[in-house]
Amino acid sequence: MSRRVVGVTLDNLEHLSKHSRTCVFWELAPHLKEQAEEFGDTEFEKEAWVSSVLLEWGSCGRIIYLDGIPAGSVFYAPPPAVPRSLAFPTSPASPDAVLMTGLEVLPEFRGGGLGRVLVQTVAKDLTRRGVKAIEAFGDNRPEVDGPSCVTPADFLLQVGFKTVRPHPRWPRLRLELRSASSWKEDVEAALERLLSSVTVTAAPPEPSFKPV
């Protein structure tokens, strides 16, 4: 099976699942979310949010394809661009972190590690952009409300996040990112160790022949 991950753009929003395409849980304050759901324009609001964040901050989402079929997605943005984050009892998010919000793998593709791949892709993108950490609000009881736009806390812990503010239902978790400079230093140190362990043996001199 071939696997491909691409950035979310206005041109591929239609490849998101209906749930992800219409979920504005993170993108709008609670009262505005209720209004959008009442008047049926959540898909428009999602597109407007993506457009705004792309313009003002840059890439804010990834879609993963399996054999060309959209299998899941993830969104992320700076805390000021995520109004709902202020409504959590474990808020606010740390100012040096980017928030990972909606992460979804479609039911028929779960169990194959695609969620982990999405998190790794986000981490790679943000490391390249000099971000120090990813934070996320997790759900300790995802089975209570059924399909949700909040990532299960157990999954976040499994992929490397650590709890920074516990809560019975809505803990805040954090994944530290290694800077590009520290990665470079580690590589240089490894090369230095490798070279220091290599012994160079001089080749024996070639025999000289006297003409007869």
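What counts, and at which threshold
- Here, residues in each chain are numbered from 1, in the same order as that chain's written sequence.
- In keeping with the model being predicted, local features are shown solely for residues with a pLDDT of at least 70 and side-chain atom pairs are shown and tallied solely at 80 or more, while totals for entire chains, interfaces and linings include all residues.
- Side-chain measures here rest on the full set of heavy atoms in the structure, leaving out hydrogens and waters.
- As used here, the term nonpolar core means buried Ala, Val, Leu, Ile, Met, Phe, Trp, Tyr and Cys residues forming a set that is joined through side-chain atoms within 4.5 Å.
- Buried, partly exposed and exposed residues are distinguished by accessible area as a fraction of the type maximum, computed with a 1.4 Å probe on protein chains only: under 20%, between the cut-offs, and over 50%, respectively.
- Segments assigned H or I by DSSP are reported as helices when at least four residues long, segments assigned E as strands when at least two residues long, and all are numbered from the N terminus.
- Whether two residues touch is decided by their heavy atoms; if any such pair falls within 4.5 Å, the residues are in contact.
- One confidence number per residue, pLDDT, is output by the predictor and ranges from 0 to 100.
- Two cysteine sulfurs form a disulfide in these notes if their separation is within 2.5 Å.
- Think of a salt bridge as a Lys or Arg side-chain nitrogen and an Asp or Glu carboxyl oxygen that are within 4 Å of each other.

In the annotation of an unreviewed UniProt entry, the protein chain is listed under the name Acetyltransferase (GNAT) family protein and assigned to Saccharothrix texasensis.

Draft legend 1. Quick look at the nonpolar core. In this structure, M100, V119, L126, I134 and F161 are the most contacted members of the largest nonpolar core, which totals 28 residues. Counting only elements with at least two residues in this core, the list comes to β2 (61–66), β3 (69–77), β4 (97–105), α4 (114–128), β5 (133–139), α5 (153–158) and β8 (172–176). Per-element accounting of this core gives the leading share, seven residues, to α4. Setting aside its immediate chain neighbours within four residues, L126 contacts W57, Y76, V98, V131, I134 and L177.

Draft legend 2. Geometry of the confidence of the model for the protein chain. Here the protein chain averages 86 in pLDDT, while 82% of its residues score no lower than 70. Low confidence marks residues 180–184, where pLDDT is under 50. Its contacts with residues over four positions away, or in another chain, come to two contacts.

Draft legend 3. The state of the cysteines, seen in detail. Evaluated as defined, the whole model comprises one disulfide. The disulfide partner of C23 is C149, and the S-S distance across this bridge is 1.8 Å. Of the two residues, C23 is situated in the loop between α1 (18–22) and α2 (30–39) and C149 in the loop between β5 and β6 (151–152); the sequence distance between them amounts to 126 residues.

Draft legend 4. Quick peek at the pattern of salt bridges. This model, assessed by the stated rule, comprises 10 salt bridges. Here D125 makes a salt bridge to R128, at a shortest N to O gap of 3.1 Å. A residue pair is termed a helical-turn pair when its members lie 3 or 4 positions apart in one helix, as D125 and R128 do in helix α4 at three residues. Owing to a relative accessible area of 58%, R128 belongs among the exposed residues under this scheme. Salt-bridge contacts for R174 lead to E135; the nearest nitrogen and oxygen are separated by 2.8 Å. With R174 in strand β8 and E135 in strand β5, this pair connects stretches of sequence that are 39 residues apart. Relative accessible area serves as the criterion here: at 12%, R174 is assigned to the buried category. What makes E135 buried here is its relative accessible area of 0%.

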